[in-house]
Amino acid sequence: MDNNILIVNNLGKTYQTINEEIKAVDNFSLSLKDGELLSIVGPSGCGKSTILSILCGLETDYDGSIKLSDGKTLGYMLQQDSLFEWLTILDNCLLGLKINHTLDNNTKQYVINLLNTYGLKDFINSYPSCLSGGMRQRVALIRTLATKPDILLLDEPFSALDSQSRLAVSDDVYRIIKKEHKSAIMVTHDLAEAISFSDRVIVLSERPCHIKNIHTINLTNASTPIKNRECKEFNNYYNLIWKELDFHV
Amino acid sequence: MYSYKHKLFLKRIRRKKIFIITFQLLILFIFILLWQFLSDYGYINSFIGSSPKRVLQTLIKLYNSGDLLKHIYITCLETIISFSLATVIGIFIASIYWLFPIVHKICEPYLTIMNSLPKIALGPIIIIWVGAKMSSIIVMALLISLILTIINVHHSFVNTDYNKIKLLKSFNASNYQIYRYLIFPGNINGIINALKVNISMSLIGVIMGEFLVSKEGIGYLIMYGSQVFNLNLVISGIIVLCIVATVMFLIINFIENKLIKNKK
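About the thresholds
Residue positions within a chain follow its written sequence, with the count starting from 1. Chains and ligands are labelled by the order in which they are written, letters from A for the one and numbers from 1 for the other. Whole-chain, interface and lining totals are the exception, using all residues; otherwise, since this is a predicted model, local features are given only for residues with pLDDT of at least 70 and side-chain atom pairs are given and counted only at 80 or more. The side-chain values count all of the structure's non-hydrogen atoms but skip hydrogen atoms and water molecules. Here the limits of each domain have been adopted from an automatic or database domain assignment. Each residue is assigned to one of three classes by its accessible area relative to the maximum for its type, calculated with a 1.4 Å probe on protein chains only: buried under 20%, partly exposed between the two thresholds, exposed over 50%. Secondary structure is summarised from DSSP: a helix means a run of H or I of at least four residues, a strand means a run of E of at least two, and numbering begins at the N terminus for each. Note on contacts: a residue pair qualifies if any of its non-hydrogen atoms lie within 4.5 Å across the two residues. Buried area counts how much accessible surface, traced with a 1.4 Å probe, disappears from two parts once they are put together, with both parts' losses summed. DSSP bridges decide pairing: two strands pair if at least two such bridges lie between them. Just to be clear on terms, a salt bridge is a Lys or Arg side-chain nitrogen sitting within 4 Å of an Asp or Glu carboxyl oxygen. What qualifies as a polar contact is a pair of N or O atoms within 3.5 Å, subject to a donor-acceptor requirement within protein and to the restriction that residues adjacent in sequence count only when both atoms come from side chains. Three residue categories are used. Nonpolar comprises Ala, Val, Leu, Ile, Met, Phe, Trp, Tyr, Cys and Pro, charged comprises Asp, Glu, Lys and Arg, and polar comprises the others, including Gly.

**So, the domain arrangement of chain B**
Domain boundaries assigned for chain B yield domain 1 (4–44) and domain 2 (52–263). Centre-to-centre, using C-alpha coordinates, domain 1 of chain B lies 33 Å away from domain 2 of chain B.

Written out as structure tokens, the structure is:
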């Protein structure tokens, strides 16, 4: 498997409705290396999110195979932070551990350390209504990190935010993922976000989605997403992928 | 600490509040005064229309004989019993419906029929089956409030934000875990709203039951009054009922505020 931690082969998904069969994903394959950040872009409604739903086990009826290296686990982060308003920030972050019956003093301390490290120390016992949109998204990320997944599945994680906090939060999330040595697959419709965030960008066709092209992103002086936007290659990638996406108004 | 403008602002709010309460009391006062005046001067027949003075006399007489508190006690007791039963059973059934949607699908038409049926039509059967005593009043009130409790609580359960369910599913949560961590605690507001409807429905059921079978309670007081053509008694009963209903509503409101405050 030469340091691939996830291999997806010929993934396909067809939804059954009373009137018709809808093919959402067709012959989708990918491999993910340890520590790699991968983005999937494609026209809206093409079935990008379906791929993540299948990967994290929300959809069970699919074709093809998904191979995960031994001992590796997945964590899912959604577009909405979906914090539970009636729980404190800490209790929100402990949800996954409670459900997996792995909550003990060690795992709890791990979550508290994450919250302390990423600037939420003063909010551990607050309720979500006290937090800004960006902070809520950071809490959502820590809630996902709490179960120590190796691969993060990010489903349009920033699109519920306004454009300014969006940039800041994507930078934020990038740093956290790098610092915690995670791999990630991000689904987005924002090209600039995908290019500035990831090592590779997969471009999908319209529904049923299949892979149109895979770009390896090589930026000179690559650092964090906000700075990556200033690299000289950034615009070339942007124009190239934009044309491939072939948007119609 | 406050600026002059802020003080002015607070003063204006306070003034508005006082104005509203004054007017509310004024309406009540004028109503009572007018009623007394019209019956004193014979514009309304005080035998049929009663009068504030007569109502007060009746209430005092009832209170002195100990009957008033006894009737209020009986009605409250019946309401609280049927309200509690409807709440517990209703939430339980709604939970079963959420956990096993197929059960809900199967039961749905019967629930709809039971909901549209005027439950008072079942009164005679209940009296025959359960007997002309307090338990048949409770069964009647229970039937009225239970169906609505099930429907309202279940409605709020199924309208839970799907993204939150998706989140728990991504942690491999079982159906029961989703219920325990999300569906129940996330719908406390919906449940309290159902209880608000439930308490007034229980009271309606109890009074209806008392009309049909009882020998005690406020409903009985009103019914008895109309049978012996003592309108003072009828109107006194209605006024007591108004007060009882208001107090019950205030208690539920108080509980709601307590629960919401704990969350902030």
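**Describing helix H9 (residues 175–186) of chain B**
In an α-helix, one turn spans 3.6 residues, which is why side chains three or four residues apart end up on the same side. Every buried residue of H9 of chain B is accounted for by Gln177, Ile178, Tyr179, Tyr181, Leu182 and Ile183 of chain B. Along its buried surface, H9 of chain B packs onto helix H2 (89–99) of chain A together with helix H4 (67–99), helix H7 (134–158) and helix H8 (162–170) of chain B.

**Focus on the domain arrangement of chain A**
All names here are of chain A. When the domains of chain A are assigned, the result is domain 1 (1–73 + 152–249) and domain 2 (78–149). When each unit is reduced to the centre of its C-alpha atoms, the spacing between domain 1 and domain 2 is 24 Å. Counting residues at the interface gives 15 residues for domain 1 and 15 residues for domain 2. Surface buried jointly by domain 1 and domain 2 totals about 1,400 Å² across both partners, of which 62% is contributed by carbon and sulfur atoms.

**Remarks on the pairing of strand S8 (residues 200–204) of chain A**
Residue and element names in this part refer to chain A. For S8, the buried fraction is high: five of the five residues fall into the buried class. Residues of S8 alternate between two faces, with Arg200, Ile202 and Leu204 on one and Val201 and Val203 on the opposite face, all of them buried. Strand direction decides the pairing type here: strand S3 (residues 37–41) and S8, joined by four bridges, are parallel. Bridge pairing in S8 links serine 39 to valine 201. Looking at chain direction, S8 and strand S9 (residues 211–216) are connected through five bridges and run antiparallel. From the neighbouring strand, valine 203 faces S9, where its bridge partner is asparagine 213. Where S8 hands over to S9, the hairpin turn is made up of six residues, counted between the paired strands.

**Details of the interface of chain B and chain A**
Taken residue by residue, the interface counts 19 residues in chain B and 20 residues in chain A. When chain B packs against chain A, the two sides together hide about 1,900 Å² of surface, and 67% of this comes from carbon and sulfur. Three residues stand out in chain B for area buried against chain A, namely Leu167, Phe171 and Tyr181 of chain B, and they jointly supply 34% of the buried area on that side. One salt bridge connects lysine 164 of chain B with glutamate 85 of chain A, and the closest N-O pair in it is separated by 3.5 Å. At the boundary of chain B with chain A, the tally comes to two residue pairs in polar contact (both at pLDDT 80 or more). Of all the elements in the fold, those that place two or more residues in the side of chain B that touches chain A are H8, H9 and helix H12 (231–263) of chain B. Looking at the side of chain B that touches chain A element by element, the count peaks at seven residues for H8 of chain B. Among the residues making up the side of chain B that touches chain A, the classes are represented as seven nonpolar, six polar and six charged.

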